[in-house]
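The chain contents come next:
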Amino acid sequence: RDAILHLLADDPTLTEDDVVVLCPKIETYAPLISAGFGPSAGSSAGSSAGAGSGGGGDGPPRLRYRVTDRGLRDDYPLFAAFEALLALVAGRASASELVGLVSLPAVRARFGFDDAAVASIAEWTEATHVRWGLDADDRARFGFDPPLADNSWRAGLDRLLTGVAVVETDLALGPGGVAPYPVEGGAAEIAGALADLVARLADLRDRIATDHSLVAWGELLVKAARDFLDPRRADDWQAERLARAITEAIDDARLGAPDDDLRVGFADVRALVTERLGGAPRRSELLRGGVTVTSLTPLRWLPYRVVCILGFDEDGTGPAHTDGDDLTAVDPLLGDRDPRAETRQALLEAVLAAGDHLVITRTGHSERTNEEVPPAVTLAELRDTIVATLAPAEPGAERPVDPWSRIETRHPHQPFDARVFAPGALGHPGPWSFDPVACAGAAAVRDRAPDLPEFLPEPLEAVAPPPVLVGAQVTRFLRNPVHHFFRERLGAHIPDETDATTADEFALALGGLDAWHVADRLITARCAGLPDDRWAAQERASGALPPGPLGDDALTGIKGKVDQIFARARTLGVDPLETRTVPVEVTLDDGTRIVANHDRRAGHEDDQPDHPDRRPGPARISYSSLKDHHYLEHWIELMVLCAARPDVEWRSVRVCRADKKIVAVELVPRLPAGAERAEAARRALGTVVDLMQRATREPLPLFPEFSRKLVEQPDADLGSAWHTDEGAFQTSAGAGDDVFVRLAFDNAGVDDILGLPVRDDDPDGDADFRAERFAEVLWGTVDATAMDLETEPTTDDAGEDDA
């Protein structure tokens, strides 16, 4: 747009009628043209008004332009929806395809899906592990023998509809061996409508599987349009236009048929209908005034003073899709048509058709990763030709500045970038952009303070501490103290990582998170006393496993690892089937009460053997990797028990994985039983409660893993513990990668965090810097009150090894 406006401003004899914009992929770029150019100035405006014919109001000058060569599907949403329907029923009916079909307005109106319903369907699709295929019969079309129904839409719907009527209890399967997925309330109606849609698709698939006469095909397709699509009241005419387009396509084909009894297949009929739907919806807009935006074909060799080629990228200069009836494309021979060469020829003709100016644009960078993308082969050849033409003719002469750098201009991504308005920055004597709104945005960016203020210059006012704390609240705080400030004081939601894409392919192996879910369900089943066979049957019925023998291998591998975890737990005297709990309540010196319920899987306090490995207390069996916040969770449990019942030799046990091996944490109190132990436990809990109160006033420089390493390995390189390249939500990411940590500490690096000076109101300690001071307060208290028998054996007074 701005390049055209510059050409119009520099040459008073140039008008919009002298400009053509050619798009190798007009369907992709037509909506972008409308968005970038804005409304057309209209044919009534003057044709030689310098930089554009119309006033832009608050925006840039408006251009007169017409986007031509577009099909009916591009202008009529109902036509595009019908094409999507035909493509889905002819293909694999993948999860993403059907969710996309459900999202179309005409389909939503037909089946009564609102925004919440579409979101629920997308969530169900992922939760029930739907991949592709309507049912087992649909899979048979693609060579599945024997037919496989797992991960099909029928399997997913069976789970949903069974979940409407059956409550899942103790991994019990519903009728027919179906694993129910809970569907409650108004969601049952959505599930029913989705089942109706899939049933209609299956019926349509069966009907198109056989050949019909052209007349029968016309009736079938018109009925399919009515069954699946319901335009809004204002667009009823589109339904009539669609039915007419289908009928016209069939009638035109019948003119060449020998008789009405000729039976044809769906592929041929679909090609006839989609070709008609892609036809021009109205009379040609070519040469009707203004800038003409069209594909490469209609105006071949027609000269224009200004030729613009929009989207000269690799995906736009390659051959179009292969026609299924084109036998030469299946087995090409020397002398056959070469689609790629034809596209290159059309581009060459466009270049040679330019009279005064040639403007070429390409993306240059990946929209997803922003990595530089090499130019298309055709453009690279054009570049090499230009560079060779402008190279000095005399051998040995000094080569001037790269001529291509004088021809190619790299534009900023944002329209309000300062370079867009800096004279000469983009190869033009004056500013490049004509957009006053973007100019105001650039000025705002320039004038704002170069240094943003601190996120929180001073701590907030203190809030009254809660009189009662649940043990889970304390452990949740220690999991991430910075999150505690945003969550409890600011009420900010902490988002989890989500994958917006829907998987369409079978999983050949369980990924890390998927394997964890399966293993966690096995551990839960065993702790509930359920047999492994019931768990395995539930996993197979849920579709969570790879198909066939691959799923059996996955179950065997997970079961073997879980067996090792339970075997290690049994050596520590952990009883997985124990269901009794220990209710405890502790009152701290400031009056705060901490209440909790702890399980007794590590033993019961009324039946204590003398062996230290049989001490009572809570125990957890987990498939998760061991993290430092897990250690703190067990420490809090131990302190609460010691403060409430100091006469009992408590322990807190965790058996889990770490570095591909089975590990255990077995925390016990350091101090002997009695009043001294109770007092130390209450002081330790008071320290944590004080940290919680401080964390409601400001984000504390306290991070479980990073702070522990700072205390135990002060001379180590802490950079990797603060920042990694894996992202904020990865399990091995550093503390500084967390999105809220970056916000709270202004994207501070490890040296910035370690250099924060201690304030007068910080807890007492010897460290001169805040991160180290808070780390010593927390982990020093942990080390003074508890020890891990698995890593720190103790020796009694007689010199015998108690561990």
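About the cut-offs
Residues numbered from 1 in each chain as written. Predicted model: local features only at pLDDT ≥ 70, side-chain atom pairs only at ≥ 80, totals over all residues. Heavy atoms only, no water. Patch = residues over 30% accessible without salt bridge, like charges linked within 9 Å, V, L, I, M, F, W, Y side chains within 5 Å. Areas by Shrake-Rupley, 256 points an atom, 1.4 Å probe, with all protein chains shown as cover. Salt bridge = Lys/Arg side-chain N within 4 Å of Asp/Glu carboxyl O. Lys, Arg positive; Asp, Glu negative; His and termini not counted. Charge placed at Lys NZ, Arg CZ, Asp CG, Glu CD. Helix = DSSP H or I, 4+ residues; strand = E, 2+ residues; numbered from the N terminus. Polar contact = N/O pair within 3.5 Å; in protein donor to acceptor, adjacent residues only side chain to side chain. Contact = heavy atoms within 4.5 Å. Pairing = 2+ DSSP bridges. 1 Å grid on protein atoms, 1.4 Å probe; cavity = no way out; pocket = protein on both sides within 12 Å on 5 of 7 lines; lining within 4 Å. Points joined across faces, edges and corners; volume = space filled by probe spheres on them. Nonpolar A, V, L, I, M, F, W, Y, C, P; charged D, E, K, R; others polar. Buried < 20%, exposed > 50% of the residue type's maximum accessible area, 1.4 Å probe, protein only. Axes fitted to C-alpha atoms, helices over the stretch in contact; angles between N-to-C directions. Parallel < 35°, antiparallel > 145°, perpendicular 65-115°, else oblique. Left-handed = near helix turned anticlockwise from the far one by under 90°. pLDDT = per-residue confidence, 0-100. Core = buried A, V, L, I, M, F, W, Y, C linked by side-chain atoms within 4.5 Å. Phe/Tyr/Trp six-rings, centres within 6.5 Å; stacked < 30°, edge-to-face > 60°. Lys NZ or Arg CZ within 6 Å of the ring centre and 35° of its normal.

Engineer: I'd like a rundown of a negative patch on the surface, residues and numbers included.
Structural biologist: A cluster of acidic residues, Asp766, Asp768, Glu772 and Glu776, forms a negative patch at the surface. Inspection of the secondary structure assignment puts Asp766 in the loop between helix H30 (750-754) and helix H31 (770-785).

Engineer: If you had to explain the side chain of Thr475 to someone new, which residues and values would you point to?
Structural biologist: Tracing the sequence through the fold places Thr475 in helix H20 (residues 471-479). Within the local environment of Thr475, its side chain forms a polar contact with the backbone oxygen of Ala472, the two atoms lying 2.9 Å apart. Contacts of Thr475, omitting those with residues within four sequence positions, involve Glu633 and Ile636.

Engineer: Would you mind going over the pairing of strand S10 (residues 593-599) in detail, with residue names and values included?
Structural biologist: Direction of pairing for strand S8 (residues 468-470) relative to S10: parallel, over a ladder of 3 bridges. In the sheet register, Val468 faces S10, and the bridge partner there is Arg593. In textbook terms, the turn of a hairpin is the stretch between consecutive antiparallel strands, and for strand S9 (residues 581-587) and S10 this stretch comprises 5 residues, one of which, Gly591, has a positive phi near 95°.

Engineer: Residues and numbers for empty space enclosed by the protein, please.
Structural biologist: For the structure shown, the criterion picks out 3 cavities of 30 Å³ or more. When its volume is computed, the largest cavity comes out at roughly 80 Å³. Along its surface, the largest cavity is lined by Val20, Leu22, Leu296, Leu299, Arg300, Trp301, Leu302, Val307, Ala346, Glu349, Ala350 and Ala353. Elements represented by at least two residues in the lining of the largest cavity include exactly strand S1 (19-22) and helix H16 (339-352). Counting residues per element, the lining of the largest cavity draws most heavily on H16, at 3 residues. Split by residue class, the lining of the largest cavity holds 10 nonpolar, no polar and 2 charged.

Engineer: Hey, could you go over the environment of Arg205 for me, with residue numbers and the actual values?
Structural biologist: The topology assignment puts Arg205 in helix H10 (residues 187-208). Residue Arg205 is classed as buried on the basis of its relative accessible area of 6%. In the structure, Arg205 is positioned 114 residues away from Gly91 in sequence and 9.8 Å away in space, judged by C-alpha atoms. Residues in contact with Arg205, not counting those within four places in the same chain, are Val89, Leu134, Asp135, Asp137, Asp138 and Arg141.

Engineer: Tell me what's going on with the sheet that holds strand S11 (residues 619-625), and back it up with residues and numbers.
Structural biologist: Strand order in the open sheet made by the 4 strands is S11-S12-S13-S14, with mixed pairing throughout. Every interior strand has two partners, whereas the edge strands, S11 and strand S14 (786-788), have only one. Strand-to-strand, the axes of this sheet are offset by a mean angle of 20°, without reference to chain direction. Looking at chain direction, strand S12 (residues 652-658) and strand S13 (residues 661-669) are connected through 7 bridges and run antiparallel. What sits directly across from Cys656, in S13, is Val663. Most of the contacts of helix H24 (residues 549-571) go to S11, to which it runs at about 145°, and overall it touches S11, S12 and S13. Set on the sheet, helix H25 (residues 628-644) makes contact with S11, S12, S13 and S14; between it and S13 the angle comes to about 30°.

Engineer: Account for the pattern of salt bridges, naming residues and giving values.
Structural biologist: One pass over the structure, following the stated rule, counts 46 salt bridges. Between Glu666 and Arg651 there is a salt bridge, and its shortest N-O distance comes to 2.7 Å. Of this pair, Glu666 sits in strand S13 while Arg651 sits in the loop between H25 and S12, and the two are 15 residues apart along the sequence. Considered together, Glu666 and Arg651 belong to a single accessibility category, that of buried residues. Two residues, Asp690 and Arg694, come together in a salt bridge whose shortest N-O distance is 2.8 Å. Here Arg694 and Asp690 lie together in helix H26 (residues 675-695), a separation of 4 residues that amounts to about one turn.

Engineer: Provide a residue-level description of the packing of H25 against H26, including the pertinent values.
Structural biologist: Relative to each other, H25 and H26 sit at 135°, their axes nearing to 8 Å. The orientation of H25 relative to H26 falls into the category oblique. Judged by the sense of rotation from one axis to the other, the crossing of H25 with H26 is left-handed. Taken together, the residues of H26 that come into contact with H25 (itself represented by Trp635, Ile636, Met639, Val640, Cys642 and Ala643) are Arg677, Ala678, Ala681, Arg682, Ala684, Leu685 and Val688. Counted by class, the contact of H25 with H26 contains 11 nonpolar, no polar and 2 charged residues.

Engineer: How would you summarise the confidence of the model for the protein if you had to cite specific residues and measurements?
Structural biologist: Any segment with low pLDDT has predicted coordinates that should not be analysed in fine detail. For the protein, mean pLDDT is 82; residues scoring 70 or higher make up 86% of the total. A low-confidence stretch, residues 43-53 (pLDDT under 50), is modelled with 27 contacts involving residues beyond four sequence positions or located in other chains. Residue range residues 793-803 is modelled with pLDDT below 50. Its contacts to residues more than four positions away, or to other chains, number 12 contacts.

Engineer: Break down the environment of Leu691 for me, with residues and values.
Structural biologist: The topology assignment puts Leu691 in helix H26. If sequence neighbours within four positions are ignored, Leu691 has contacts with Phe477, Leu700, Leu702, Phe774, Val777 and Leu778.

Engineer: Talk me through the sheet that holds S8; I want residue IDs and the actual numbers.
Structural biologist: Read from one edge of the open sheet, 3 strands run S8-S10-S9, paired in mixed fashion. Strands at the two margins of the open sheet, each flanked by one partner only, are S8 and S9. Ignoring which end each strand starts from, the neighbouring axes of this sheet average 20° apart. Strands in contact with H20 are S8 and S10; relative to S8, the strand with the most contacts, it is inclined by about 70°. Of the strands in this sheet, S8, S9 and S10 are in contact with H26, which crosses S9 at around 75°.

Engineer: Give a description of the nonpolar core that names residues and reports values.
Structural biologist: In terms of nonpolar packing, the biggest core is built from 60 residues, with Phe82, Leu98 and Phe113 touching the most fellow members. Among the elements that line this core, the one with the most residues is H10, at 12 residues. Leave out the neighbours within four places in its chain, and Phe82 touches Leu221, Ala225, Leu229, Leu242, Ile246, Val273 and Leu277.

Engineer: Requested: an account of unusual backbone geometry, with residues and values cited.
Structural biologist: Here His129, not a glycine, exhibits a phi torsion of approximately 60°, which is positive. Checked against the element boundaries, His129 lands in the loop between helix H7 (115-127) and helix H8 (136-140). Among the residues examined, His129 registers a relative accessible area of 19% and is labelled buried. Located in the positive-phi region is Asn747, a residue other than glycine, with phi close to 55°. Inspection of the secondary structure assignment puts Asn747 in the loop between helix H29 (739-744) and H30.

Engineer: Quick rundown of the packing of aromatic side chains? Include the residues and the values.
Structural biologist: Applying the stated criterion to the full structure yields 12 aromatic pairs. Relative to Phe228, the ring of Phe111 has its centre 6.3 Å away and its plane inclined at 55°; by these criteria the two rings are tilted. With Phe111 in helix H6 (residues 105-111) and Phe228 in helix H11 (residues 214-228), this residue pair connects regions lying 117 residues apart in the sequence. Phe228 matches Phe111 in its accessibility class, with the two residues each being buried. By way of ring pairs, the aromatic residues Phe455, Phe485, Phe486 and Phe740 are connected into one cluster. Taking NZ or CZ as reference, Arg657 lies 4.1 Å from the ring centre of Tyr623, over its face. The ring of Tyr631 carries Arg708 above its face, with NZ or CZ at 4.4 Å from the centroid.

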